[in-house]
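Spelled out, the chains give:
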Amino acid sequence: MTLREMATQAQDSQGAQQSHTMIKRAVVSAFIFRFPRGQPTKPSVALFKRSEKVRTYRHHLAPISGSIDPGDPDPLAAAWRELCEETTLTPSDLSFWRTGKPFTFSDPSIGREWTVHPFAFRLKDPAEGGQGEEAIRTDWEHEGWQWYDPRTVLEDESLTTVPRLQDSLKRVWFEGTINERAGRALATGLERLRADHESGAHELTAIALTVFRDIIVYTQNHLDAEWWTMIRMAAWHLIKNGRESMGAATQNAILSVLAEIEDIMEQKTGAEQKWDRILALIDFHLRNRADTAQQVKQAFISYLQAHFSSGGTQMHRLTMLTISSSSTIRDSILEAYDALGIQTLELRVLESRPLFEGASLASSILSTFKSQSNSPDKHLRITMYTDASAALAAKDVDIVLLGADRISATKGVSNKTGSLPLVLSAKHVTPSVRVVVLSDIEKVNGTAGIINDELTESNDSFEVSSAWCSDGVKGVQVLENGMRGSKSEQENSSVTVVNNYFEWVPLDMVDAFICEEGVLEKDRIQEKSRKLGEKADRCFGTL
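Just so you know, the residues in each chain are numbered from 1, in the order the chain's sequence is written. Only residues with pLDDT of 70 or above have their local features reported here, since the model is predicted, and side-chain atom pairs are shown and tallied only from 80 upward, although totals for entire chains, interfaces and linings are computed over all residues. Just so you know, side-chain values use all the structure's heavy atoms and leave hydrogens and water out.

Caption draft 1: The overall build of the protein, seen in detail. Under the DSSP-based scheme used, a helix requires at least four consecutive residues in state H or I and a strand at least two consecutive residues in state E, with every element numbered from the N terminus. Scanning the protein for helices and strands turns up 17 helices and 18 strands. The globule rule used here is 2.2 Å times the number of residues to the 0.38 power, and the radius of gyration it is set against is calculated over C-alpha atoms. Computed over C-alpha atoms, the radius of gyration of the protein comes to 26 Å, within 12% of the 24 Å expected from 2.2 N^0.38 for 543 residues, which places it in the range of a compact globule. For the exposure calls, accessible area comes from a 1.4 Å probe over protein chains only, and a residue counts as buried if that area is under 20% of its type's maximum, exposed if over 50%, partly exposed in between. The buried share of the protein, taken over its 543 residues, is 51%. Of the contacts made within the protein by residues no fewer than 6 positions apart, 77% connect residues no fewer than 24 positions apart. Per-residue and other accessible areas follow the Shrake-Rupley method at a 1.4 Å probe size, with only the shown protein chains counted as cover for residues. Carbon and sulfur atoms make up 48% of the accessible area of the protein, which totals about 25100 Å². In what follows, residue pairs with any heavy atoms lying within 4.5 Å of each other are defined as contacts.

Below, the structure written as structure tokens:
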């Protein structure tokens, strides 16, 4: 029997034999966590005691929960709705923290089959613009609530909870189910990935692989079905709950590692040899990442030679426009400039808000250029524009250069917000422009895989509003009051500040996808996406 068959056989089989009268319901379980300052691995979780007025599980402890309605765009939207209705909490009080892998179980006592979508949210303290626990005001569905140590919730059998609450909690707080060192590595690794708004997907993947290696080191025991299930769930969290919007590369890398680990586990060798081989293969993947980046640069240079040189004639000037802060773009621009013998590189950079990444990119390129031994005939001309000036910046450019945080066979290229207006403006103002995407092939996302291409990463609105305060913008207090108004006040008027980092550029608007394999055709993207989706389902579908 293979490991996969053993793991599948070991799954919870509740609900497998269902009566035709069983009512099926999809629900959300929304856990609220708080963290002591400076202690990210020691949270408390809020549980709410269901009141006499509810239909099911009266007087049982539960997270905030409710049905997913047909009108909900996705389960996360349903979780936010239930939180607001039952506790009055909104994004000004909470930040979305984690997604748990959904699961299904049945409760014959009430004739229901539940498909649970667990989520976790973090309560903001006043320093983050929130009100803390004072913002929690429960409705008629609850007769009280209190904070609990999540480990106590998992271990104390005397607690009267709704069915499978512990399973829901485990799926968002997975570090509590593994040993302390491995749990700390996972928790701190996920926080590092979530908080890193400077590194690109390539660097984040290296971080995720390093964390995954640490978890394996700290869980070396028996290479059995239980360990295999645990390590796959840890991998699932690194993909889904690190930076999902930039996680396609992590998904590709980790799936490759898991496939090789499974092969090693099936080998007829001793346990010590297997452990050595598992760690060595992760080290091999980490070392090879630098080679991939160099291959992308060389492919970019070949593309420029093919499209901007005529009969071997040397280019004198090349004009590029970018909005990205991608490390691949940062490194490729100057390397291409040097390799092609261009006398003048005119680089136009859109300064993007709220993190001013354009300014960071331009300063990095300029510093690198100045530190090199350049010919006196070489000239780098950098021009900065606001991102609202995309049409002005695009006049007479040769190339619009974009990075990619992920590539979808259906949605296109996910890149920094402002990329789509830039491409639309450039195509209108300079019809001859070439829109070029530089990316590792591992950023192609799988069809129906772990990462949801429809999900939008919503970041803290405080990043946007804080600039208004520091710059002395008039009327800021009015807007802030509108954002923090009570539920009754917001029925009349409200203010929402949207801070999305990424948007999609359709595939048909891109002239060339350049990766380590050269120019990537659209049908290759679709095939890669399909195969990756199958690999993800094969690896994680039974969890």
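Caption draft 2: Local environment of the sheet that holds strand 14 (residues 412-416). Ordered in space as 13-14-16, the 3 strands form an open sheet in which the pairing is antiparallel. Two strands close off the open sheet at either side, each with one partner strand: strand 13 (406-408) and strand 16 (502-505). If you compare each strand with its neighbour and ignore which way they point, the axes differ by 30° on average. Summarising the sheet, strand 14 and strand 16 pair through 4 bridges and their orientation is antiparallel. Bridge assignment links Lys416 to a residue of strand 16, and that residue is Phe502. The strands touched by helix 13 (residues 419-429) within the sheet are strand 14 and strand 16, with strand 16 carrying the most contacts at an inclination of about 35°. Two strands pair if DSSP finds at least two bridges between them. Fitting a line to C-alpha atoms yields each axis, with helices limited to the stretch in contact; the angle taken between N-to-C directions then spans 0 to 180 degrees.

Caption draft 3: The arrangement of the confidence of the model for the protein in detail. Residue-level confidence of the predictor, termed pLDDT, takes values from 0 up to 100. Summary statistics for the protein give a mean pLDDT of 87 and a share of 93% for residues scoring 70 or more. Predicted confidence for residues 1-20 stays below pLDDT 50, and this span has 26 contacts to residues more than four positions away or in other chains.

Caption draft 4: Up close: helix 10 (residues 327-340). Here helix 10 contains 14 residues, and its C-alpha end-to-end distance of 20 Å stays within 8% of the 20 Å for a straight helix at 1.5 Å per residue. For helix 10, every residue scored as buried is listed here: Ser327, Thr328, Ile329, Ser332, Ile333, Leu334, Ala336, Tyr337 and Leu340. Of the residues trailing helix 10, Gly341 is marked for its positive phi of about 70°. Here the expected span of a helix is defined as 1.5 Å times the quantity of residues minus one.

Caption draft 5: The arrangement of the packing of aromatic side chains in detail. Only Phe, Tyr and Trp rings are paired, with Trp represented by its six-membered ring, and only when their centres lie within 6.5 Å; those with planes under 30 degrees apart are stacked, over 60 edge-to-face, the remainder tilted. Scanning all chains against the criterion turns up 12 aromatic pairs. On the basis of an interplanar angle of 75° and a centroid distance of 4.8 Å, the ring pair of Trp80 and Phe121 is categorised as edge-to-face. With Trp80 in helix 2 (residues 75-87) and Phe121 in strand 7 (residues 112-123), the pair connects residues that are 41 residues apart, well separated along the chain. Overall, the relative accessible area of 0% leaves Phe121 in the buried class.

Caption draft 6: Structural context of the packing of helix 5 (residues 180-195) against helix 7 (residues 225-240). Packing of helix 5 against helix 7 brings their axes to within 9 Å, and their N-to-C directions diverge by 20°. The angle between helix 5 and helix 7 places the two elements in the roughly parallel class. Between helix 5 and helix 7 the crossing geometry is right-handed. The segment helix 5 lies against helix 7, with Leu186, Leu190 and Leu193 engaging Ala234, His237 and Leu238. Three classes are used, and their members are as follows: Ala, Val, Leu, Ile, Met, Phe, Trp, Tyr, Cys and Pro are nonpolar, Asp, Glu, Lys and Arg are charged, and the others, Gly among them, are polar. Across the contact of helix 5 with helix 7, the residue classes tally to 5 nonpolar, 1 polar and no charged. Every angle not falling under 35 degrees, over 145, or within 65 to 115 is termed oblique; those three ranges are roughly parallel, roughly antiparallel and roughly perpendicular. Note on convention: near helix rotated counterclockwise from far helix by under a right angle means a left-handed crossing. Clockwise means right-handed.

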